[in-house]
Amino acid sequence: MTEVTTRPAVLILLGPPGAGKGTQARMLEERFGLVQLSTGDLLRAAVAAGTEAGRAAQSVMEAGGLVSDDIVLAILKDRMAEPDVAKGVILDGFPRTAGQAAALDALLAAEGREVTAAISLEVDDAAMIARVAGRYTCATCGEGYHDQFKTPAIAGTCDKCGGTAFKRRADDTAETAGARLAAYHAQTAPLIAYYEGKGVLERIDAMGAIEEISAALSSIVSRVSA
Ligand code: AMP
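Everything quoted here is computed from the prediction, not taken from an experiment.

Peer 1: Can you help me understand the sheet that holds strand S2 (residues 35–38) in this one?
Peer 2: Each strand in a sheet pairs with its neighbour through backbone hydrogen bonds, running either in the same direction (parallel) or in the opposite one (antiparallel). Pairing is parallel across the open sheet formed by five strands, whose spatial order is S2-S3-S1-S4-S8. Looking at the sheet topology across the chains shown, the edges are occupied by S2 and strand S8 (201–205). Going across the sheet, the axis of each strand differs from the next one's by a mean of 25 degrees, ignoring polarity. Relative to S8, strand S4 (residues 117–122) runs parallel, the two sharing five bridges. Within S8, the residue paired with Ile119 across the bridge is Glu202. Here helix H1 (residues 21–32) sits on the sheet and contacts strand S1 (10–14), S2, strand S3 (89–92) and S4; the angle it forms with S3, its principal contact strand, is near 175 degrees.

Listed below in structure tokens is the structure:
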């Protein structure tokens with residue numbers, strides 16, 4: 001894929017679990033040279049490493065709730081201080097609360113920056129539970145698959161890298177997906193209006209094919225970061 005050069009952008013992908021934020025963030029990372037910053041990935045790494053933050057976050061994540069703003073902001077700030085972030089970032093799964101959105105604004109304002117665009121991936125709730133409950137990824141390259149909707153061309157072999165080991169997230173079950181969807185509606189969906197008020201909201205119908213959503217997203221990113 002050809003990389004398109006743009007000025008450093010701060011893009012937010014908003015949407016419930018299963019909307020395709022991770023898949024699309026990875027596509028934008030390849031196409032635009034942006035850095036994907038997923039607080040879910042950072043928290044899973046903290047859990048795996050057994051850090052204090054990871055230990056505090058683990059049970060909340062397993063129950064499908066939201067980890068406290070204090071913990072999330074601490075790990076986000078550390079990551080935002082790394083030099084690669086200067087290339088521009090796609091925030092995947094952050095902010096998820098009004099407090100996180102305000103903290104992000106303050107963090108960026110301190111550097112004379114602001115959110116370039118918040119892109120809301122709009123989907124039906126019922127379809128989201130099915131999407132989340134069957135998904136898994138290649139353990140080597142992270143390519144996403146689904147038991148029903150996207151199986152590898154050769155069973156047990158990753159289409160992208162040929163890897164043969166796959167993994168599933170502990171919280172990608174039908175029960176936890178319901179709790180995560182409820183948390184999204186209660187705490188994260190109000191951010192759509194917040195970014196609309198700031199004039200940086202973009203909406204995408206994210207029920208279609210992955211390639212169609214990627215094309216719509218790419219055209220928005222080209223426009224807002226030109
Ligand atoms: P994700 O990979 O984005 O689906 O996140 C997995 C889980 O990590 C969520 O269900 C939350 O428990 C936690 N998490 C990730 N990002 C955040 C955030 N910005 N605020 C609070 N909790 C988060």
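Peer 1: I tried to follow the environment of Leu37 on my own but got confused; where do I start?
Peer 2: Mapping Leu37 onto the fold places it in strand S2. C-alpha separation for the pair Leu37 and Phe94, spaced 57 residues apart in sequence, amounts to 8.4 Å. Those residues within four positions of Leu37 in sequence are excluded, and the remaining contacts are Leu42, Leu76, Arg79, Met80, Val85, Val89, Ile90, Leu91 and Asp92.

Peer 1: Teacher, can you tell me more about the packing of H1 against helix H9 (residues 210–224) here?
Peer 2: Each pair of packed helices can be described by the angle between their axes along with the distance between the axes. Look at H1 against H9: their axes get within 10 Å of each other, and the N-to-C directions meet at 50 degrees. The angle between H1 and H9 falls in the class oblique. Here H1 runs over H9; the crossing is right-handed. In this structure, H1 uses Thr23, Gln24, Met27, Leu28, Arg31 and Phe32 to contact H9, whose residues at the interface are Ile210, Ile213, Ser214, Leu217, Ser218, Val221 and Ser222. Its residues placed into classes, the contact of H1 with H9 shows seven nonpolar, five polar and one charged.

Conventions adopted
Residues numbered from 1 in each chain as written. Predicted model: local features only at pLDDT ≥ 70, side-chain atom pairs only at ≥ 80, totals over all residues. Heavy atoms only, no water. Pairing = 2+ DSSP bridges. Helix = DSSP H or I, 4+ residues; strand = E, 2+ residues; numbered from the N terminus. Axes fitted to C-alpha atoms, helices over the stretch in contact; angles between N-to-C directions. Contact = heavy atoms within 4.5 Å. Parallel < 35°, antiparallel > 145°, perpendicular 65-115°, else oblique. Left-handed = near helix turned anticlockwise from the far one by under 90°. Nonpolar A, V, L, I, M, F, W, Y, C, P; charged D, E, K, R; others polar.

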